[in-house]
Amino acid sequence: MWITDKNANSGDGLYRFRRRFNAKKGSRLNVRVSADTRYKLFINGNEVLCGPCKGNRFVTYYETADLSNYLTDGENNIEALVLHLDYRMAAIHRTEKMAFMLDGEVVHPDGGSENVSTDENWLVARDNSFICTAPPYWCLTDFTEKIEFSAANLDFAPAEKVCDAVFDRDYAYGEISKWVLSPREIPPLTNIERKFVRVMKSSLPADEIILGGEISFPPNSTSFVEIDAGVHFTGTPHIKISGGKGAEVKLTYAESYIFKDGWKITKKNRDNTDGIIYGMTDQLVCDGEAHIYEPFWFRTFRFVRVEVTTADSPLSLSDLKFYENKYPLAVSAEFESSDPDAAALWETSIRTVNNCMHETFEDCPYYEQTQYAMDTRLEALFTFCLGSDRRLAKKCLTEFMQSQYLDGMTQARYPSLNEQVIPGFALHVIYLAADYLKYTPTDRRFIRGLLPKIDAILNWFDNRVNESGVVGDTEYWRFLDWVKEWKDGSPGKGAMSCYSFMYSLALKCAADLYNEFGFCDMAAEYENRRERINKAAYEFFYNGEKSLFADTENGGYSWHSQIWAVLADAVTGAEATALLERMLSDKTLSRCSYSMMFFVFRALEKAGLYEKAYDLLEGWRNMLSRGLTTWAEDDIQERSDCHGWGSLPIYEFTAVILGVKPLGYDGKAVEIRPTLAGLDFAKGVVPTSAGDIKVDWKKDGKNFALTVEGDGKKHIIMPNGESHIVTEPKKTLFCAI
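Given the structure is predicted, the values throughout are model-derived calculations rather than measurements. Residue indices begin from 1 for each chain and proceed along its sequence in written order. Only residues with pLDDT of at least 70 are given local features in this predicted model, and only at 80 or more are side-chain atom pairs given and counted; all residues enter the totals for whole chains, interfaces and linings. Excluding hydrogens and water, the side-chain figures rest on all heavy atoms present in the structure.

Participant: Can you help me understand the overall build of the chain in this one?
Facilitator: Note on conventions: DSSP H or I runs of at least 4 residues are helices, E runs of at least 2 residues are strands, and numbering of each starts at the N terminus. Across its full length, the chain holds 14 helices and 37 strands. Taken along the three principal axes of its C-alpha coordinates, the chain extends 75 × 65 × 55 Å. Taking all 737 residues of the chain together, 59% fall into the buried category. For the chain, the share of sequence-separated contacts (at least 6 apart) that also reach a separation of at least 24 residues comes to 72%. Carbon and sulfur atoms make up 47% of the accessible area of the chain, which amounts to about 28700 Å² in all. Note that His is not counted, nor are the chain ends; the positive residues are Lys and Arg, and the negative ones are Asp and Glu. The location of each charge is read from NZ of Lys, CZ of Arg, CG of Asp or CD of Glu. Each charge sign in the chain was given a centre, from 83 positive and 106 negative side chains, and these centres are 2 Å apart. Burial classes follow relative accessibility: with a 1.4 Å probe on protein chains only, a residue under 20% of its type's maximum area counts as buried, one over 50% as exposed, and anything between as partly exposed. Contacts between residues were defined by any pair of non-hydrogen atoms, one from each residue, lying within 4.5 Å. All accessible areas in this document rest on Shrake-Rupley with a 1.4 Å probe, and a residue is counted as covered only by the protein chains that are shown.

Here is the structure:
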């Protein structure tokens, strides 16, 4: 049964549900739990579950747990904190109704039992000490807290029934509930205790707080301490507060110190403390008692400012630490090379993408925590190169397909209460579906089920092919990349060459998928469309005088149009190589920012120019030299310090330098094509559907040696072009270069 507080409204609020029951030594209790919007479940004071996992209007997830080990002989208490959000945190689905559901039965060793499922025997009270607040600037994660400890005033009353909880879609007469329950599909987030590593600035002696000790703040004063977690984290801060009646404590979380000049905000070296810590802030108003504070939702930070303004009583803070919360990404991949920055590039890339993984993939964990299709395609692909866990990728693919409109277009970000369409992002969903099957060949039924939705996306673009044979001026936001010379991330009005080329590449992915599943006629249809769009786009956008592709029908020239022409096979062979060489040498062209650099690397690799691609990692080396511990969103706005699309070194090192990629969609073979990129050696481990592959290569003058270990069929292509089919578990090959 779903229950609520009869006085609850549709706005923000924190509610406490509780139920007391008796247990005996050896009693068992298994539960299924969910809520609208979020919950934390406690039994006998121990936090045992939190959730529900982010869903959408088609699914409300529930968590399951065995709570038997937390039971005591005699009276026991279950308590749930349920936070209902109004308009805040658009990436978390909710209805207008605050509600809580627990399904469980205590089974005693003597065979007796007691039903503890939510019903009118549960009690509920609104916790008036909790107030939702907003950060001081635009942020989709606009959910911070103000706690007025003296205002709790818990007045428990019997809960009110909302409706029955229905599991396994067993709806009477097929009438569907507003909460369509489904078991959680991904593991819980990590909850690893961490310590802060140093005090950056302080108005009073505070080194003891880093060690978990206590610091005191005198009466009628304002003091602060700024602390460093060492690297960028996502996690839940924990602090103990004692005394200080009437005092206010502010916890401000920041990815870096900032420098303000009016409305303009800039960032310098991330270890430069001359700036200020500014951003999301939780506020605590003390009542003189002892409290342990942890925010309801995780925070993103490297630096935290603790500011205390006391009244007539001193206040003490102690036990300052945090619990790291992120998706439990299991990394089996390894990489080393003669590049002196390789270890830092590798570790920073893994940290970045993992900090953008929670219950969905996220563009960034500080500002938006939103699952965007382009960001997600890249982040998911990077995780495919790191390990074998596909659960989050499968969930996100399902969600984007659930977001699809009747005309075939998918939402740009989903789940989200605020609907948004960026037409090109729908094509990245198709790229991700193709990636998923290549790296997960055993999950064929899932991808086969997506084929009609892929066809619908392609038909949306086909319906917008104009009389010139190219994708015309589409509706919505035509974002492509954050480029200094462009307004709002778009090259301008009119037909855009990149959309034609991106559509062409999506047609290629779809043709390959349809062929793989035996739908050869549809595959041929896509290939025909692709041939037509490439021919028309070449004729319409190519400027013979400049020997470049224009960005739009009105002109403008950038890297973007050139690389997508190559990726789409609108130009091939020597012509593609020459085009990209002109692109790299022409300093008047608008360059791609970090979001599009993955595609720059793929185009250069395809055109045989990867040596030049590897040089472009200079942007990442510059970020390291500026003290970043995760990759920035771009080099234009300097907003987010952690954007998953920047983790492309993961792919470059595993799939290109070591050279390990899936060969086809059936999982029967991998390609191993090492790339030198000016390095003297590289070695590592790359996970594949057939198991981990170890690669170790060395260059000695004009001699090249490669050792490969791993099961399955391996198609090895040496740097001099020699090809070998290897089935042995270990093989060493040599060639001259």
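Participant: Sorry, what's going on with the packing of helix H11 (residues 594-606) against helix H14 (residues 649-657) here?
Facilitator: A pair of packed helices is captured by two measures, namely the crossing angle of their axes and the spacing between those axes. For helices, the fitted line uses only the C-alpha atoms of the stretch in contact; every axis is such a line through C-alpha atoms, and the angle between N-to-C directions lies from 0 to 180 degrees. As a packed pair, H11 and H14 sit with axes 11 Å apart at the nearest point and diverge in direction by 20°. When the interaxial angle is binned, H11 and H14 end up roughly parallel. The crossing of H11 and H14 is right-handed. Taking contact as the criterion, the partners of Phe-598, Phe-601, Arg-602 and Glu-605 in H11 are, on H14, Tyr-651, Glu-652 and Val-656. Each residue gets one of three labels, nonpolar for Ala, Val, Leu, Ile, Met, Phe, Trp, Tyr, Cys and Pro, charged for Asp, Glu, Lys and Arg, and polar for the others, Gly among them. A per-class count over the contact of H11 with H14 returns 4 nonpolar, no polar and 3 charged. Oblique is the label for every angle not falling under 35 degrees (roughly parallel), over 145 degrees (roughly antiparallel), or within 65 to 115 degrees (roughly perpendicular). In this scheme the crossing of two helices becomes right-handed for a clockwise turn of the near helix relative to the far one and left-handed for an anticlockwise turn of less than a right angle.

Participant: Hey, could you run me through the nonpolar core in this one?
Facilitator: Proteins that are soluble and globular tend to have nonpolar side chains buried together. Here, nonpolar core means buried Ala, Val, Leu, Ile, Met, Phe, Trp, Tyr and Cys residues that are tied together by side-chain atoms lying within 4.5 Å of each other. In this structure, Ile-447, Trp-564 and Ile-657 are the most contacted members of the largest nonpolar core, which totals 155 residues. Residue contributions to this core peak at 13 residues, all from helix H7 (residues 497-516). With sequence-adjacent residues up to four places away left out, Ile-447 is seen in contact with Leu-397, Ala-433, Tyr-436, Leu-437, Leu-513 and Phe-517. If you look at the next biggest cluster of nonpolar residues, it comprises 47 residues, including Leu-83, Met-280, Cys-286 and Trp-297.

Participant: I would appreciate a short explanation of the pattern of salt bridges in the present structure.
Facilitator: Opposite charge on two side chains makes pairing possible when the charged atoms of those side chains draw close. Here, a salt bridge means any side-chain nitrogen of Lys or Arg that lies within 4 Å of a carboxyl oxygen of Asp or Glu. The tally for this structure, following the rule as stated, stands at 51 salt bridges. Taking the shortest distance from any N to any O, the salt bridge between Asp-641 and Arg-270 comes out at 2.8 Å. With Asp-641 in the loop between helix H13 (618-625) and H14 and Arg-270 in the loop between strand E22 (264-266) and strand E23 (280-285), the pair connects residues that are 371 residues apart, well separated along the chain. According to the relative accessible area criterion, Arg-270 is buried, its value standing at 4%. Here Asp-389 makes a salt bridge to Arg-391, at a shortest N to O gap of 3.0 Å. Residue classification places Arg-391 among the partly exposed positions, given a relative accessible area of 43%.

Participant: Got a minute to help me understand H13 in this structure?
Facilitator: Along an α-helix, a turn takes 3.6 residues, which lines up residues three or four apart on a common side. Buried within H13 are the following residues: Gly-619, Trp-620, Arg-621 and Met-623. The secondary structure elements touched by the buried residues of H13 are helix H2 (342-355), H11, helix H12 (610-615) and H14. In the segment just after H13, Gly-627 is the residue with positive phi, at about 85°.

Participant: So what exactly am I meant to see when it comes to the pairing of strand E6 (residues 60-66) here?
Facilitator: For a regular strand, the rule is simple: side chains alternate between the two faces of the sheet. In terms of burial, E6 is a largely internal element, 5 of the 7 residues being buried. Two strands pair under a simple rule: DSSP has to find at least two bridges between them. Direction of pairing for strand E3 (residues 28-36) relative to E6: antiparallel, over a ladder of 4 bridges. Opposite Val-31, over in E6, you have Ala-65 as the bridge partner. Alignment of E6 against strand E15 (residues 181-183), held across 3 bridges, turns out to be parallel. Bridge pairing in E15 links Tyr-62 to Pro-183.

Participant: Explain helix H9 (residues 559-567) here, please?
Facilitator: The element H9 is largely enclosed, with a buried count of 9 among its 9 residues. If you check which residues of H9 are buried, you get Trp-559, His-560, Ser-561, Gln-562, Ile-563, Trp-564, Ala-565, Val-566 and Leu-567. At its buried positions, H9 is contacted by helix H5 (423-439), H7, strand E29 (548-549), helix H10 (573-585) and H11. Definition of a polar contact: a pair of N or O atoms within 3.5 Å, with one able to donate and the other able to accept a hydrogen when the atoms are protein atoms, and with sequence-neighbouring residues admitted only if both atoms are side-chain atoms. Measuring from the backbone nitrogen of His-560 back to the side-chain oxygen at the start of H9 gives 3.2 Å, which picks out Ser-558 as the cap. Phi turns positive, to about 65°, at Asp-569, one or two residues after H9.

Participant: Is there a simple way to think about the sheet that holds strand E30 (residues 660-662) in this case?
Facilitator: Pairing between the strands of a sheet is mediated by backbone hydrogen bonds and can be parallel or antiparallel. Taken in spatial order, the 4 strands of this open sheet run E30-E31-E35-E36, and their pairing is mixed. Across the chains shown, the open sheet's two edge strands, defined by having one partner strand only, are E30 and strand E36 (723-726). Averaged over all adjacent pairs, the angle separating strand axes in this sheet is 25°, with direction ignored. Looking at chain direction, strand E35 (residues 713-717) and E36 are connected through 4 bridges and run antiparallel. Bridged to Ile-716 within E36 is His-724.

Participant: Would you mind showing me how to read the layout of surface pockets here?
Facilitator: Method remark: on a 1 Å grid restricted to protein atoms, a set of points is classed as a cavity if a 1.4 Å probe fits but cannot get out and as a pocket if it is open with protein on both sides within 12 Å along at least five of seven lines; lining residues have an atom within 4 Å of a point. Grid points are joined across faces, edges and corners, and a volume is the space filled by probe spheres set on the points. Taken as a whole, the largest pocket encloses approximately 1200 Å³ of empty space. As for the largest pocket, its lining consists of 39 residues, and the residues nearest its centre are Arg-602, Glu-605, Lys-606, Tyr-651 and Lys-661. Partitioning the lining of the largest pocket into residue classes produces 22 nonpolar, 3 polar and 14 charged.

Participant: How should the pairing of E35 be read in this particular structure?
Facilitator: Strand direction decides the pairing type here: strand E31 (residues 669-672) and E35, joined by 4 bridges, are parallel. If you follow Val-670 over to E35, its bridge partner there is Lys-714. Connecting E35 to the antiparallel partner E36 that follows it, the hairpin turn spans 5 residues, and Gly-721 within it adopts a positive phi of roughly 95°.

Participant: Help me out: how do you make sense of unusual backbone geometry in this one?
Facilitator: What you tend to see is this: most non-glycine residues have negative phi, and most peptide bonds are trans. Residue Thr-37 is reached from Asp-36 by a cis peptide bond, and omega for that bond is 25°. Tracing the sequence through the fold places Thr-37 in the loop between E3 and strand E4 (38-43). A cis amide bond links Gly-51 with the next residue in sequence, Pro-52, at an omega value of -10°. Among the structural elements, Pro-52 can be located in the loop between strand E5 (46-51) and E6. A positive phi is found at Gln-369, a non-glycine position, where the angle reads about 50°.

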